[in-house]
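A look at the structure
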Amino acid sequence: MHYWVEFPNENIQLTKSGNYIIVVYPEGEEQYPVLTQKFYVTENSMQILPKLSIQPNLMTNIIGKKLTLPCPTTKYRLSIPIRI
């Protein structure tokens, strides 16, 4: 058996990012799925431009690297999760 679907189409329009699952079953037999597939949809709502810099330590003669990931937050409301 081969199954193929392309979306969005006239029957399926995903309007929100999130986790989804496709379930394929014989017509009229919803209790007997023959295929399930999980997938997720994301939005390009934030641009993150990584910056890598080298930080030498003259005392130990070891070179370290620092990765900075700036996230512009002016358009978004952020909350700090409760720390356990």
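Residues numbered from 1 in each chain as written. Predicted model: local features only at pLDDT ≥ 70, side-chain atom pairs only at ≥ 80, totals over all residues. Heavy atoms only, no water.

With that out of the way, let us pick up the overall build of the protein chain. When its secondary structure is counted, the protein chain shows zero helices and four strands. Ordered by position from N to C terminus, the α and β elements of the protein chain give β-β-β-β. By the burial criterion, 2% of the 84 residues in the protein chain qualify as buried. For the protein chain, contacts bridging at least 24 residues in sequence account for 21% of all contacts bridging at least 6. (Helix = DSSP H or I, 4+ residues; strand = E, 2+ residues; numbered from the N terminus. Buried < 20%, exposed > 50% of the residue type's maximum accessible area, 1.4 Å probe, protein only. Contact = heavy atoms within 4.5 Å.)

Let us look at the packing of aromatic side chains. All told, the structure shown has one aromatic pair when counted by the stated rule. Consider the rings of Y20 and F39, whose centres lie 5.6 Å apart with planes at 15°: the pair is stacked. Remark: F39 occurs in strand 2 (residues 35-41) and Y20 occurs in strand 1 (residues 18-24); sequence separation between them is 19 residues. On the accessibility criterion, F39 (21% relative accessible area) is partly exposed. (Phe/Tyr/Trp six-rings, centres within 6.5 Å; stacked < 30°, edge-to-face > 60°.)

Position of Y25 among the secondary structure elements: in the loop between strand 1 and strand 2. Look past the residues within four positions of Y25 in its chain and what remains in contact with it is E30, Y32, P33 and V34.

Another aspect to go through is a nonpolar patch on the surface. Taken together, M46, I48, L52, L67 and L69 make up a surface patch of nonpolar side chains, about 490 Å² in accessible area. Along the polypeptide, M46 turns up in the loop between strand 2 and strand 3 (51-57). (Patch = residues over 30% accessible without salt bridge, like charges linked within 9 Å, V, L, I, M, F, W, Y side chains within 5 Å. Areas by Shrake-Rupley, 256 points an atom, 1.4 Å probe, with all protein chains shown as cover. Salt bridge = Lys/Arg side-chain N within 4 Å of Asp/Glu carboxyl O.)

Turning our eyes to something else, we now look at the environment of L49. Looking at the secondary structure, you find L49 in the loop between strand 2 and strand 3. The class for L49 is exposed, based on a relative accessible area of 52%. C-alpha separation for the pair L49 and P70, spaced 21 residues apart in sequence, amounts to 6.5 Å.

Structurally, the position occupied by N9 is in the segment before strand 1. Judged by relative accessible area, which is 18%, N9 ranks as buried. At 2.9 Å, the side chain of N9 and the backbone oxygen of E6 are in polar contact. (Polar contact = N/O pair within 3.5 Å; in protein donor to acceptor, adjacent residues only side chain to side chain.)

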